[in-house]
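In case you want the letters, here they are:
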Amino acid sequence: MKRLVYIFYIFLIIIIVIPKEKLYFAFESFLSQHHLFINNEAFTNRLFYVNIDNADVLLDNQEFAKIEHMRIAPWIFLNRFTLSNIVFSPLFQNIFPGKIDSITLTYSLLNPLRITIFAEGDFGHCSGTYDLMNDKLRVLFDPTTELRAYPLLVNKLHQEKGGLVYEQIF
């Protein structure tokens, strides 16, 4: 029992001292390879997570979206990155939904080669995975009437028995 308490204590200390903002900057560096840049964000570092508020997203130096809130929670075995209240620029609203309520990216050591994705918004909801070995994104959308309001997005999807699927290899 005493060893279990020590192990728990060590994991707790590791979670607290993890440089959470550096994880965010690594993610930002990954996005910059695809010409996506995040500006004007405000950080609030907590013991177990970091909050990032009011971020502007630029795509090729044009306003792409605004993200009201982001949270990175690195808990070693289960890591979570949550984005809330994403509003796309009017230039991109015919391609992307006008507003996404939340996107949650989850990385687990139990499945280390995949990142799971879940999102909800004006389009309904979707779930998917990002395969780290093959750099492949696969997102399954529920075929809702709200999704049909975005014809350019629906044209990029293909039909499968579970719903509409978007696949992209980076």
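Refer to the structure above for everything that follows.
Not measured: the values here are computed from a predicted model.

Definitions and cut-offs
Every chain is numbered independently, its residues counted from 1 as its sequence is written. The predicted nature of this model means local features are confined to residues of pLDDT at least 70 and side-chain atom pairs, given and counted, to a pLDDT of 80 or more, with totals for whole chains, interfaces and linings taken over all residues. In computing side-chain values, all of the structure's heavy atoms are included and hydrogens and water are not. Exposure categories follow from relative accessible area, calculated using a 1.4 Å probe and restricted to protein chains: below 20% of the type maximum is buried, above 50% is exposed, and the middle band is partly exposed. Strands were regarded as paired on the criterion that DSSP finds at least two bridges between them. Note on conventions: DSSP H or I runs of at least 4 residues are helices, E runs of at least 2 residues are strands, and numbering of each starts at the N terminus. The pairing test for Phe, Tyr and Trp rings, Trp by its six-membered ring, is centres within 6.5 Å, and the orientation test on the planes gives stacked under 30 degrees, edge-to-face over 60, and tilted for anything in between. Multiplying one less than the number of residues by 1.5 Å gives the expected span of a helix. To obtain the arc, one takes the directions from the helix axis to the C-beta atoms. Note on contacts: a residue pair is in contact if any heavy atoms of the two residues lie within 4.5 Å.

Q: Just give me the short version of unusual backbone geometry, but keep the residues and values in it.
A: With glycine set apart, most residues show a phi of negative sign, and most peptide bonds adopt trans. Backbone geometry places N40, a non-glycine residue, at a positive phi of 60°. Given the relative accessible area of 57%, N40 is considered exposed.

Q: So, the pairing of strand β2 (residues 42-45): which residues are in play, and what are the values?
A: Inspection of the sheet shows β2 paired to strand β3 (residues 50-59) by four bridges, in the antiparallel sense. Across the sheet, A42 pairs through a bridge with D53, a residue of β3. Taken together, β2 and the strand that follows it, β3, pair antiparallel across an intervening segment of four residues.

Q: Any details on the packing of aromatic side chains? Residues and values, ideally.
A: To describe a pair of aromatic rings, you give the distance between the ring centres and the angle between the ring planes. Taken as a whole and assessed by the stated rule, the structure comprises eight aromatic pairs. Residues Y24 and F25 carry aromatic rings whose centres are separated by 5.5 Å and whose planes lie at 65° to one another, so their mutual orientation is edge-to-face. By relative accessible area, Y24 is classed as buried at 0%. Residues F25 and F43 carry aromatic rings whose centres are separated by 5.5 Å and whose planes lie at 55° to one another, so their mutual orientation is tilted.

Q: Could you give an account of helix α2 (residues 20-32), with specific residues and numbers?
A: The end-to-end C-alpha distance of α2 is 19 Å, a good match for the 18 Å that 13 residues give at a rise of 1.5 Å each. Here α2 has its buried residues at K20, Y24, E28 and L31. Here the buried residues of α2 occupy an arc of 85° about the axis, which is enough to place them on one side. Tucked into the core, α2 has its buried residues touching α1 (2-17), β1 (36-39), β2, β3 and β4 (62-75).

Q: With reference to specific residues and values, describe the side chain of S102.
A: Take S102: it is sitting in strand β6 (residues 99-108). Leaving out residues up to four positions away in the same chain, S102 has contacts with L83, S84, F118, A119 and E120.

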